[in-house]
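Each chain, letter by letter, is given below.
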Amino acid sequence: MRMEVVDVSPQLAAEWLSRNTNNRPLSKSTVQQLAGQIQRGEWQLTHQGIAFDEDQVLIDGQHRLAAIVKAGITVPLTVTHGVPRTAFTVMDTGRKRTGRDALALAGEANATHLAAALRGLHLYLHAPNSSWSGGSSVTSNDQLLVMLDTHPGIRDALHRGIALNRGCRITVTAATIGWYVTTEARPDIDQAAWEEGVVTGARLEPGDPRLTLRNTMLSLAAGRTHRRRDDSREHLLYYLKAWNAWVEGRDIKLLRRSPNETMPRISSRSVLASADNDA
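Please read these numbers as outputs of a predicted model, since none were measured by experiment.

Caption draft 1: Layout of the overall build of the protein. Counting its secondary structure elements, the protein contains twelve helices and four strands. Looking at the protein as a whole, 47% of its 279 residues are labelled buried. In the protein, of all internal contacts separated by at least 6 residues, the share reaching a separation of at least 24 is 70%. Working note: accessible area of the protein is about 14800 Å², and carbon and sulfur atoms make up 49% of it.

Shown next, in the form of structure tokens:
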């Protein structure tokens, strides 16, 4: 076998793809994800690249080549020639490094929950009304690390999210994002009473948004109401609806998500804030 590093242009990538005669079908979502990394400047040269067998048939790397074509940008690739055809069955069988892995390697605690929260925050900020599932929801490890650098407060929000999850079974991701975006948008609001009410439900009257959110989450967790695939997006929508009602001093007795309902904006009005100022 012979290995070399080649700057692969979109034209060369397309030519090499024509030698792809015995490979698995292309995944459009994988190609889109890799092309996005190239366009954002996240592409890095590694030992993983493309490979040709003894007859110069492409046997590994079709998604990388297709991504170069889609991105329209030249990038360096490790190219291996003369790989035995018998090696094809053991290629790409290793586990891909996940966002959790990247965060753990960076020394972050609660890496699994943190990765999910950062992914959800990215979707909330850039595609709040998408499905939050499928290929369009994929975020790269580099994107997660950039999000963490831009939003360091998500670490503290994660502790609140875990506490809220234990109290009422809302997903950690939704509770973390909900806590983070509301505290960032409304630093004038002391949320201690919000957290205590949602977690315990103690001494709350029917119609109190905290009790309604708590009961809704517990009902969903118990299977008494319909669950959706994108639970975290649905839970976050309920969280923000209830939070808005709480700060505005409104009762809310039912949390429901209508078809195609958009993510609520964080309320700029507040009975709580005016009460604090009067005091």
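Still to come is the rest of the account.
Caption draft 2: Representation of the side chain of His235. Summarising the element assignment, His235 is placed in helix α11 (residues 231–248). If sequence neighbours within four positions are ignored, His235 has contacts with Arg169, Ile170, Thr171, Ala174, Met217 and Leu220.

Caption draft 3: The sheet that holds strand β1 (residues 2–8), seen in detail. Taken together, four strands build an open sheet; the order of strands is β1-β4-β2-β3 and the sheet is mixed. Every interior strand has two partners, whereas the edge strands, β1 and β3 (58–60), have only one. Ignoring which end each strand starts from, the neighbouring axes of this sheet average 35° apart. Here β1 pairs with strand β4 (residues 75–83) via seven bridges, running antiparallel. Of the residues in β4, the one forming a bridge with Met3 is Thr80. Docked against the sheet, helix α1 (residues 10–17) engages β1, β2 (50–53), β3 and β4, running at close to 130° with respect to β1.

Caption draft 4: Representation of the pattern of salt bridges within the structure. All told, the structure shown has twelve salt bridges when counted by the stated rule. Where Glu15 meets Arg19, a salt bridge forms, and the shortest distance between an N and an O atom there is 4.0 Å. The residue Glu248 makes a salt bridge to Arg269 at a minimum N-O spacing of 3.1 Å. In this pair, Glu248 is assigned in helix α11 and Arg269 in the loop between α11 and α12 (271–278), connecting sequence segments 21 residues apart.

Caption draft 5: Here's a closer look at the nonpolar core. Residues Tyr124, Trp194, Leu213 and Tyr239 are the most contacted members of the largest nonpolar core, which totals 45 residues. Going through the elements one at a time, α5 (111–126), α6 (141–150), α7 (154–168), α8 (172–185), α9 (192–200), α10 (209–221) and α11 are the ones with two or more residues in this core. Tallying contributions element by element places α11 first for this core, with ten residues. When neighbours within four sequence positions are excluded, Leu213 is seen to be in contact with Trp194, Val198, Tyr238, Tyr239, Ala242 and Leu255. Counting residues in each nonpolar core, the second largest holds 20 residues, with Val8, Val31, Phe52 and Val75 among its members.

Caption draft 6: Just the packing of aromatic side chains, in detail. Inspection of the entire model under this criterion finds four aromatic pairs. On the basis of an interplanar angle of 75° and a centroid distance of 5.4 Å, the ring pair of Trp194 and Tyr239 is categorised as edge-to-face. One end of the pair, Trp194, is in helix α9; the other, Tyr239, is in helix α11, with 45 residues separating them in the sequence. Geometrically, the ring pair formed by Trp194 and Trp246 is tilted, given 5.4 Å between the ring centres and 45° between the ring planes. Of this pair, Trp194 sits in helix α9 while Trp246 sits in helix α11; the two residues are 52 residues apart in sequence, bridging distant segments of the chain. Each member of the pair Trp194 and Trp246 is classed as buried. Here the aromatic cluster, defined as three or more aromatic residues joined through ring pairs, consists of Trp194, Tyr239, Trp243 and Trp246. Lying across the ring of Phe52, Arg19 places its NZ or CZ 5.1 Å from the centre.

Caption draft 7: How the structure looks around α6. Restricting attention to buried positions, one finds in α6 the residues Gln143, Leu144, Met147 and Leu148. For α6, the arc enclosing every buried residue in end-on projection is 140°, short of the 170-degree limit, so these residues lie on one face. Of the exposed residues in α6, the ones pointing more than 90 degrees away from its buried face are Val146, Asp149 and Thr150. In this fold, the buried residues of α6 make contact with α4 (99–105), α5 and α7.

Here is what the cut-offs are and how they apply
- Residues numbered from 1 in each chain as written.
- Predicted model: local features only at pLDDT ≥ 70, side-chain atom pairs only at ≥ 80, totals over all residues.
- Heavy atoms only, no water.
- Helix = DSSP H or I, 4+ residues; strand = E, 2+ residues; numbered from the N terminus.
- Buried < 20%, exposed > 50% of the residue type's maximum accessible area, 1.4 Å probe, protein only.
- Contact = heavy atoms within 4.5 Å.
- Areas by Shrake-Rupley, 256 points an atom, 1.4 Å probe, with all protein chains shown as cover.
- Pairing = 2+ DSSP bridges.
- Axes fitted to C-alpha atoms, helices over the stretch in contact; angles between N-to-C directions.
- Salt bridge = Lys/Arg side-chain N within 4 Å of Asp/Glu carboxyl O.
- Core = buried A, V, L, I, M, F, W, Y, C linked by side-chain atoms within 4.5 Å.
- Phe/Tyr/Trp six-rings, centres within 6.5 Å; stacked < 30°, edge-to-face > 60°.
- Lys NZ or Arg CZ within 6 Å of the ring centre and 35° of its normal.
- Arc of directions from axis to C-beta.

Keep in mind that these numbers describe shape and distance, not what the molecule does.
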